[in-house]
Number of protein chains: 2
Amino acid sequence: MNDQIMSIGMVKELTGLSERQIRYYEEKQLVFPARTKGGSRRYSFEDVKKIQEIHRKLKEGYNTYELKIKSRRQSNVI
Amino acid sequence: MNDQIMSIGMVKELTGLSERQIRYYEEKQLVFPARTKGGSRRYSFEDVKKIQEIHRKLKEGYNTYELKIKSRRQSNVI
DNA sequence: CGTGTAAGGAATTCTGACACG
DNA sequence: CGTGTAAGGAATTCTGACACG
C-alpha cells in the first residue's frame, strides 16, 4: 500500500499502454496512484498489475463502470 | 537486476539523502542506476539499500575508494 | 574527499479541452 | 466510452563548475 514508487513513464514502459490510458483508469476510479508534492503520480507494482488487468477486461468488452462495481464487490467479500 | 524503476527523487525520499550524495556515489562507481531514454537515473530497492549502506560506511570513516575495493572483493568471493 | 549550491537546459508529467466514433 | 493529440505550464532531473575544508 505504501510502495507506490514509480512514475507514469515506468508504468507506460512496463505495460505498453499510453499515458492517456493509464490516467483515464484513474479518472474512472479504477486505480489510485499516490502523488508527489509536485503532483506527479506514483504507482506500485500492484497498480501495474491492476492496470494490465483493467486493459484486458476492457478489450473483453467490459466498461469502466462495470469494472468499478466488480472491484467494489471483491473488496466487500466477507 | 532489471527492477530499476524509481527516480532519484524517490531514492531521496526513501533515504533522506541529497541528490548530490546519491549521484556522487554513482560517480564513484558504487551504485549503477539504469537510465531512461531521456537520461534520467532509475534505481532498484537493492540500490537504495546499497546507497544507505554506503552512506553509513562513509560516516564510519571509510572513503569511496575503500568501499569500491570492498564491494569488488565481495563480488569475487569464490 | 564528500557535499552544497546556483545555472541553464532538457526530459517528464500535469490538466483541460477538442476530436472521433 | 476509451483513447489520441496539441497546448501551455510546472515539476523533475541532468551536467559541469565553483566552493569549502
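On a predicted model such as this, the values are computed, not experimentally measured, just so you know.

## Describing the protein's contact with DNA strand C
S7, R23 and R41 of chain A together with S18 and T64 of chain B are the nearest of the 20 residues found near DNA strand C. Near-protein atoms of DNA strand C (within 4 Å) split between backbone and bases, with sugar and phosphate holding 75%. With respect to DNA strand C, the side chain of Y25 of chain B contributes an N or O atom lying 3.1 Å from a phosphate oxygen. Of all elements in the fold, only α1 (8–15) and α2 (19–27) of chain A together with α2 (19–27) and α3 (45–60) of chain B reach the threshold of two or more residues within the surface near DNA strand C. With 4 residues, α2 of chain B is the largest single contributor of residues to the surface near DNA strand C. Residue composition of the surface near DNA strand C, by class: 4 nonpolar, 11 polar and 5 charged.

## Focus: the layout of surface pockets
Taken as a whole, the largest pocket holds about 330 Å³ of empty space. Elements supplying a minimum of two residues to the lining of the largest pocket: α3 and α4 (64–76) of chain B. Among the elements that take part in the lining of the largest pocket, α4 of chain B stands out by supplying 5 residues, more than any other. Considering only residue class, the lining of the largest pocket consists of 4 nonpolar, 4 polar and 4 charged. In this structure, the second largest pocket occupies an estimated 220 Å³ of space. Secondary structure elements with two or more residues in the lining of the second largest pocket: α3 (45–60) and α4 (64–76) of chain A. Broken down by class, the residue content of the lining of the second largest pocket amounts to 3 nonpolar, 2 polar and 4 charged.

## Observations regarding the UniProt feature "domain: HTH merR-type" (unreviewed entry) in chain A
UniProt records the feature "domain: HTH merR-type" (unreviewed entry) at residues 5–54 of chain A, using the numbering of this structure. With 54% helix and 8% strand, the stretch residues 5–54 of chain A has end C-alpha atoms that lie 20 Å from each other.

## With respect to the relation of the copies chain A and chain B
Look at the two chain copies: a rotation about an axis and a shift along it is all it takes to match them. The transformation that overlays chain A on chain B combines an axial shift of 0.0 Å with a rotation of 180°, and the residual RMSD is 0.0 Å. Both chain copies can therefore be described as sitting about a two-fold axis. Nearest to the rotation axis, the C-alpha of M6 of chain A is located 2.6 Å from it, this being the minimum over chain A. Interface overlap between copies: 100% of the residues of chain A at the interface are likewise at the interface in chain B, consistent with a symmetric, same-surface contact.

## Focus: the environment of G39 of chain B
All names here are of chain B. Mapped onto the elements of the fold, G39 is located in the loop between β1 (34–35) and β2 (41–42). Assessed through its relative accessible area of 31%, G39 is described here as partly exposed. Taking the C-alpha atoms as reference, G39 lies 28 Å from R56; in sequence the two are 17 residues apart.

## Here we look at the nonpolar core
The nonpolar side chains of a soluble globular protein tend to be buried, and buried together. M6 and I51 of chain A together with M6 and I51 of chain B are the most contacted members of the largest nonpolar core, which has 30 residues in total. Of all the secondary-structure elements, those providing two or more residues to this core are α1, α2 and α3 of chain A together with α1 (8–15), α2 and α3 of chain B. Excluding residues within four positions of it along the chain, I51 of chain B makes contact with V11, T15, L17, I22, Y25, V31 and Y43 of chain B.

What counts, and where the lines are drawn
- Residues numbered from 1 in each chain as written.
- Chains lettered and ligands numbered in written order.
- Predicted model: local features only at pLDDT ≥ 70, side-chain atom pairs only at ≥ 80, totals over all residues.
- Heavy atoms only, no water.
- Near = heavy atom within 4 Å.
- Polar contact = N/O pair within 3.5 Å; in protein donor to acceptor, adjacent residues only side chain to side chain.
- Helix = DSSP H or I, 4+ residues; strand = E, 2+ residues; numbered from the N terminus.
- Nonpolar A, V, L, I, M, F, W, Y, C, P; charged D, E, K, R; others polar.
- 1 Å grid on protein atoms, 1.4 Å probe; cavity = no way out; pocket = protein on both sides within 12 Å on 5 of 7 lines; lining within 4 Å.
- Points joined across faces, edges and corners; volume = space filled by probe spheres on them.
- UniProt positions renumbered as here; feature names shortened; annotations may be inferred.
- Least-squares fit on C-alpha atoms with pLDDT ≥ 70 in both.
- Contact = heavy atoms within 4.5 Å.
- Buried < 20%, exposed > 50% of the residue type's maximum accessible area, 1.4 Å probe, protein only.
- Core = buried A, V, L, I, M, F, W, Y, C linked by side-chain atoms within 4.5 Å.

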